[in-house]
Amino acid sequence: MNQPASNQRVTALIADDEAPMRAQLRARLHESWPTLDIVAEAANGVEAVELATQHEPDIVFLDIRMPGMSGIEAARLLFNRCHLVFVTAYDQYAIEAFEQGALDYLLKPVGGERLKTTCARLQARVGTQPQDITRQLGALLAQHTAQPKREYLRWIQAQVGQNLRMISTREILYFQADEKYTRVCTAQGEVLIRKTLKELADELDPDEFWRIHRSTLVRVDAIDSVGRDLRGRQMVKVKGADAALEVSRGNTHLFQQM
């Protein structure tokens, strides 16, 4: 492959089974690399391979954990056709092969200097023949297969009067720190628990709950819209709740810039 002219169209495909994650990566890439053309999005590894065959993108961003065919398995079918970047919420997959530059990766939620570094690397590589990364992919697949899937917190226990209430995380709209307690907010109301927000952030699935502020965790599927108030602060509107939740400046990268 020859090095492309500076004005040549560079195309990419995003593969992730979570639609909010695809949207977030697309938004962050638009900020870091405005001319990058996202030609397709895939919800699993099989779709990623099919769409990559159809669109022939220069770059494919692959979530490691996807149903059916994982990102690593898809990469074994794609690595000689395009440049690959793995996207993962699990930093244990950032093995030595990544740091050597043979494979590149991004940690969820994607943003910051790491994304800028990755974009710079990709800009230098586009137009060159992708490396043969068979060995690195084999090692990564072996580690991925051997690594037991982490079990995340799925139920919250809350004392309500004399009763112990069990609340599924799928019911929860958001958590908010409240002095020594944490408020658990659902469409049916609120309860207080003694578990800290930091403990919850460590125990909850990072693909399911995002920390948008030091005092707030919100379930991604519960987000209705994101806007700005009269003071210019980014605010999240949650489905089934009247409250607008502030996004701290350090976490605005989670959402497309408004």
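For clarity, every value in this text was computed on a predicted model and none was experimentally measured.

K.L.:
If you had to explain the packing of helix α2 (residues 45-55) against helix α3 (residues 71-78) to someone new, which residues and values would you point to?
P.N.:
Two numbers describe how α2 lies on α3: the axes approach to 8 Å, and their chain directions differ by 25 degrees. Here α3 runs roughly parallel to α2, going by the angle between their axes. When the axes of α2 and α3 are compared, the crossing they make is right-handed. In contact with Gly45, Ala48, Val49 and Ala52 of α2, α3 contributes Ala74, Leu77 and Leu78. Grouping the constituent residues of the contact of α2 with α3 by class yields 6 nonpolar, 1 polar and no charged.

K.L.:
If you had to explain the side chain of Glu208 to someone new, which residues and values would you point to?
P.N.:
Looking at the secondary structure, you find Glu208 in the loop between α7 (197-203) and β11 (209-213). Overall, the relative accessible area of 8% leaves Glu208 in the buried class. Excluding anything up to four places from it in sequence, Glu208 contacts Arg154, Thr169, Arg170, Val218, Arg219 and Val220.

K.L.:
Describe in detail the environment of Asp63, supporting the description with residues and values.
P.N.:
By secondary structure assignment, the location of Asp63 is in strand β3 (residues 59-63). Using a relative accessible area of 3% as the deciding quantity, one classes Asp63 as buried. Measuring from C-alpha to C-alpha, the distance between Asp63 and Asp17 comes to 7.8 Å, with 46 residues separating the pair along the chain. Dropping the residues within four chain positions of it, Asp63 is found in contact with Ala15, Asp16, Asp17, Gly71, Val87, Thr88 and Lys108.

K.L.:
Describe unusual backbone geometry, naming the residues involved and giving the relevant values.
P.N.:
Unusually for a residue other than glycine, Glu56 sits at a positive phi of about 50 degrees. Locating Glu56 in the fold gives a position in the loop between α2 and β3. For Glu56, a relative accessible area of 63% translates into the label exposed. With a phi close to 55 degrees, Glu179 is a non-glycine residue in the positive phi region. Mapped onto the fold, Glu179 is located in the loop between β8 (172-178) and β9 (181-186). Accessibility expressed as a relative area gives 81% for Glu179, which makes it exposed.

K.L.:
Tell me what's going on with the packing of aromatic side chains, and back it up with residues and numbers.
P.N.:
Counting across every chain of the model gives 1 aromatic pair. Relative to Phe209, the ring of Phe175 has its centre 5.5 Å away and its plane inclined at 55 degrees; by these criteria the two rings are tilted. Remark: Phe209 occurs in strand β11 and Phe175 occurs in strand β8; sequence separation between them is 34 residues. Considered together, Phe175 and Phe209 belong to a single accessibility category, that of buried residues. When the ring centre of Tyr105 is taken as origin, the NZ or CZ atom of Arg114, which lies over that ring, is 4.4 Å away.

K.L.:
So, helix α5 (residues 112-125): which residues are in play, and what are the values?
P.N.:
Since one α-helical turn is 3.6 residues long, residues separated by three or four positions face the same way. Across its 14 residues, α5 extends 21 Å between first and last C-alpha, which sits within 8% of the 20 Å expected from 1.5 Å per residue. Among the residues making up α5, those that are buried are Leu115, Thr118, Cys119 and Leu122. Considered in projection along α5, the buried side chains sweep an arc of 100 degrees and stay on one side of the axis. Facing away from the buried surface of α5 by more than 90 degrees, the exposed residues are Glu113 and Ala124. A positive backbone phi angle near 100 degrees is found at Gly127, which sits one or two residues after α5.

What counts and how
- Residues numbered from 1 in each chain as written.
- Predicted model: local features only at pLDDT ≥ 70, side-chain atom pairs only at ≥ 80, totals over all residues.
- Heavy atoms only, no water.
- Axes fitted to C-alpha atoms, helices over the stretch in contact; angles between N-to-C directions.
- Helix = DSSP H or I, 4+ residues; strand = E, 2+ residues; numbered from the N terminus.
- Parallel < 35°, antiparallel > 145°, perpendicular 65-115°, else oblique.
- Left-handed = near helix turned anticlockwise from the far one by under 90°.
- Contact = heavy atoms within 4.5 Å.
- Nonpolar A, V, L, I, M, F, W, Y, C, P; charged D, E, K, R; others polar.
- Buried < 20%, exposed > 50% of the residue type's maximum accessible area, 1.4 Å probe, protein only.
- Phe/Tyr/Trp six-rings, centres within 6.5 Å; stacked < 30°, edge-to-face > 60°.
- Lys NZ or Arg CZ within 6 Å of the ring centre and 35° of its normal.
- Expected span 1.5 Å × (residues − 1).
- Arc of directions from axis to C-beta.

Any functional reading would require information beyond the geometric quantities listed.
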